[in-house]
Amino acid sequence: MITSMLRASRILLLGFLLAPVPATAELILPSGFTSQVYVSGTGFEASQAQAMEGMPSATTLAFDDAGMLYLARSGRRYGGGGDFDDRWPIYRVPPGGARLTRDSEDRFFHGPPLPNAQVAAIRGGREIFVTTFDRERRIGVVYRILDGTISLFAGGTPPAGTPPLLRQPEGVAIDGAGNFYVADRATGRIVKLDAQGRVLDPKWLTVTRPRGLVIGDREHLWISSDGAAEAPWQPGPGEIWRVSPDGVPSVVMKGPIAGAISPGPGGRLFVADRQAGLIFTVSPEGQRTEFARFTDGDAPRALCFAPVTPATQQAGIAGDLFVITIRRGAWPLNEVVRIAGPFEKP
């Protein structure tokens, strides 16, 4: 099976494109915005009686400059119930979207199978950085994937007698100088690396259970923290931090658990609130504004904006917001919804 996955990750992705269709449940959006299902699937339901549409559960997503969408199929990162503990490649979906089936799924696999993988960041529009960890050994890794080939970037098994650099890495952010910031949830640290993955500061910032990291306007780093919650589906209080380019941190908001964060136009941070079933924005001053509300038990799990490049402009998705959506409260099946509209307006 692994051999077929690796072979499938290298073939050209053809067909299985979805014509845009409305989101399956009503998504309440501001005037001028529309939503469509971009990635879905069929035949993955937990039981035949459910007969629900959707692809296997995914936790993170990111775009490259060619308009390829990368999705990490779930692994059991937080212990207890939740997602299946298994090894899977990440998905790569071409511009236009896709509908997966059990028979076609492997056509979208990219890279080798990994446990507990998260699509964490993309550098230069084509290098994918993925975080993962070994639960039993308590050792975390940041991998680099380029053209389907994987290499170790940071972390992994340390020299004998020394502690591991990473235990449970989650989000990754890359600043304008090429430095990397890695959120280690298990140790409550933000680790700073240089562009080659060498350690600059193993304890650059201390944050309780950090998970999301993104670089926003004027090189400010946003951090989402789960605070006292041991898993993202549990209630808060969580925290949202903003760190200035000279390293001065401040807590912008306390309360909701941010399932995911993404920088948006106008310096706003877009936040997926899984428990409340909504997406809201946060200004640099901490002002919160509701953007989208989900209905029928749906909830946002992760989100990101498509970059503005010639390829995404040609595909008609440049600057649109993409959201992994949990359908009807059933975490095993997700869809990716595309939201289009005048994001540049305040």
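Residues numbered from 1 in each chain as written. Predicted model: local features only at pLDDT ≥ 70, side-chain atom pairs only at ≥ 80, totals over all residues. Heavy atoms only, no water.

Chemist: So what's going on with the sheet that holds strand β10 (residues 118-123)? Which residues, and what values?
Modeler: Here we have four strands laid out as an open sheet, ordered β10-β11-β12-β13, and antiparallel in their pairing. In this open sheet, the two strands that pair with only one neighbour each are β10 and β13 (149-155). Sheet twist, expressed as the average angle between the axes of neighbouring strands with direction ignored, equals 30 degrees. Sheet topology places strand β11 (residues 127-134) next to strand β12 (residues 139-146); seven bridges connect them, and they run antiparallel. Its bridge partner being in β12, Phe129 is matched across the sheet by Arg144. (Pairing = 2+ DSSP bridges. Helix = DSSP H or I, 4+ residues; strand = E, 2+ residues; numbered from the N terminus. Axes fitted to C-alpha atoms, helices over the stretch in contact; angles between N-to-C directions.)

Chemist: Quick rundown of the nonpolar core? Include the residues and the values.
Modeler: Grouped together as the largest cluster of nonpolar side chains are 43 residues, with contacts concentrated most on Leu71, Phe291, Leu321, Val336 and Ile339. Ranked by residues supplied to this core, first place goes to strand β28 (residues 330-340) with five residues. Among all residues touching Val336, those that are not within four sequence positions of it are Gln36, Val37, Tyr38, Val39, Met55, Leu61, Leu69, Leu71, Phe322, Val323 and Ile324. In this structure, Ala154, Val172, Val182 and Leu193 belong to the second largest nonpolar core, which totals 13 residues. (Core = buried A, V, L, I, M, F, W, Y, C linked by side-chain atoms within 4.5 Å. Buried < 20%, exposed > 50% of the residue type's maximum accessible area, 1.4 Å probe, protein only. Contact = heavy atoms within 4.5 Å.)

Chemist: Tell me about the pattern of salt bridges, and name the residues and values.
Modeler: In total, this model carries 14 salt bridges according to the counting rule given. Note that Glu105 and Arg73 form a salt bridge whose closest N and O atoms lie 2.2 Å from each other. Of this pair, Glu105 sits in the loop between β8 (98-100) and β9 (109-115) while Arg73 sits in strand β6 (residues 69-73), and the two are 32 residues apart along the sequence. A relative accessible area of 7% places Glu105 in the buried class. The closest approach of N and O atoms between Arg185 and Asp226, which form a salt bridge, is 2.5 Å. Pair noted here: Arg185 is in the loop between β15 (180-184) and β16 (189-193) and Asp226 is in the loop between β19 (221-225) and β20 (238-243), with a separation of 41 residues, a long-range link. One connected set of salt bridges, linked through shared partners, spans Arg123, Glu127 and Arg144. (Salt bridge = Lys/Arg side-chain N within 4 Å of Asp/Glu carboxyl O.)

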